[in-house]
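The chain contents come next:
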Amino acid sequence: VRIGGFPQATARERNGRWTVNADLNWQPENSLGATLFVTRDQQSVAQRTRQIGVTGAINPVDADWTHDTHERTWTVGSTFKWSELAGGRLAMEASALAVRGSIEELTRAGPAAPASQNPSSPLPDTRYQALDTRFTATWRMDRATQWKLQASHRRIKQSDWAFANLGASTLPNLVGSLEQSPDYGVRVLRLSWVRTFR
């Protein structure tokens, strides 16, 4: 079968993932309880590509290149609930979630591959982190009326080489989008009055 006059490529890919999770629950009474959990997640993708020319493989081993991606993430979260306060009128709930992770990318090209396909240096790791905290307090005036106060804070930050300072002429074969990795915080405070009609 004739493939064409230009070198083509075929690829093989292997994926793997494992996750470990631990939970701790504490509830001394019905109106009081807390939860803590920790999760470790790791994903790996291994790719191997072989260049194919008009008559077959080009240097079957020496021209192959491989690309390995390893993503590691830690997640820690907790929730605290306390109800039946102030004679059953007040209930409070607080929660927090923190995520930290990194993505490592490693590309290797065989010695027979063209110089343009050999990376001059390893790609920097991509790092990301997020923090989300919430607090809710509910005050019941009577069976049909309640006040609710909600406060939340979210912080997201990422360091990604594919976005950082990537302008229109930064890379010779890529038109930059001028996008930036997320790096922001959001705070929300909400007070609501709820009336239930029966």
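What counts and how
- Residues numbered from 1 in each chain as written.
- Predicted model: local features only at pLDDT ≥ 70, side-chain atom pairs only at ≥ 80, totals over all residues.
- Heavy atoms only, no water.
- Helix = DSSP H or I, 4+ residues; strand = E, 2+ residues; numbered from the N terminus.
- Buried < 20%, exposed > 50% of the residue type's maximum accessible area, 1.4 Å probe, protein only.
- Contact = heavy atoms within 4.5 Å.
- Areas by Shrake-Rupley, 256 points an atom, 1.4 Å probe, with all protein chains shown as cover.
- Lys, Arg positive; Asp, Glu negative; His and termini not counted.
- Salt bridge = Lys/Arg side-chain N within 4 Å of Asp/Glu carboxyl O.
- Polar contact = N/O pair within 3.5 Å; in protein donor to acceptor, adjacent residues only side chain to side chain.
- Patch = residues over 30% accessible without salt bridge, like charges linked within 9 Å, V, L, I, M, F, W, Y side chains within 5 Å.
- Phe/Tyr/Trp six-rings, centres within 6.5 Å; stacked < 30°, edge-to-face > 60°.
- Lys NZ or Arg CZ within 6 Å of the ring centre and 35° of its normal.

I'm lost on the overall build of the protein in this one. Help?
Scanning the protein from terminus to terminus reveals zero helices and seven strands. The 198 residues of the protein split such that 21% are buried. Sequence-distant contacts, at least 24 apart, represent 66% of the contacts inside the protein between residues at least 6 apart. Accessible surface computed for the protein: about 14100 Å², of which carbon and sulfur atoms make up 55%.

Is there a simple way to explain the side chain of Asp160 in this structure?
Considering the arrangement of structural elements, one finds Asp160 in the loop between β6 (145-159) and β7 (183-195). Buried charge without a salt bridge: Asp160, with Arg127 as the nearest opposite-charge side chain at an N-O distance of 11 Å. Polar contacts involving the side chain of Asp160 include one to the side chain of Thr126, which spans 3.5 Å. In this structure Asp160 touches Thr126 and Ser181, once residues within four positions along its chain are discounted.

Explain a nonpolar patch on the surface here, please?
The grouping of Phe135, Trp139, Met141, Trp147, Leu149, Leu189, Leu191 and Trp193 at the surface amounts to a nonpolar patch, some 840 Å² of accessible area in total. For the nonpolar patch, the secondary-structure elements that each account for two or more residues are β5 (126-140), β6 and β7. The biggest single contributor to the nonpolar patch is β7, with three residues. Counting through the fold element by element, Trp139 comes out in strand β5. Overall, the relative accessible area of 36% leaves Trp139 in the partly exposed class.

So what exactly am I meant to see when it comes to the packing of aromatic side chains here?
The way to describe two aromatic rings as a pair is by their centre distance and the angle between their planes. Summed over the entire model, instances satisfying the criterion amount to one aromatic pair. When the ring of Phe80 is compared with that of Trp82, the centres are 6.4 Å apart and the planes differ by 80°; the resulting orientation is edge-to-face. Residue classification places Phe80 among the partly exposed residues on the basis of a relative accessible area of 34%. For Trp82, a relative accessible area of 36% gives the class partly exposed. One cation-aromatic arrangement involves Arg195 over Phe197; the distance from NZ or CZ to the ring centre is 5.8 Å.

Would you explain the environment of Leu123 in this entry?
Position of Leu123 relative to the elements: it lies in the loop between β4 (90-109) and β5. For the pair formed by Leu123 and Trp161, sequence separation is 38 residues and the distance between their alpha carbons is 7.8 Å. If we skip the residues at most four places from it in the chain, Leu123 touches Glu105 and Trp161.

What exactly am I supposed to notice about the side chain of Arg40 here?
Tracing the backbone through its elements, the reader meets Arg40 in strand β2 (residues 32-52). One buried charged residue, Arg40, remains without a salt bridge, the closest side chain of opposite sign being Asp41 at 8.2 Å. Within the structure, Arg40 has its side chain in polar contact with the side chain of Gln42 (distance 3.4 Å). Excluding its chain neighbours within four sequence positions, the residues that come into contact with Arg40 are Trp18, Thr19, Val20, Arg72, Thr73 and Trp74.

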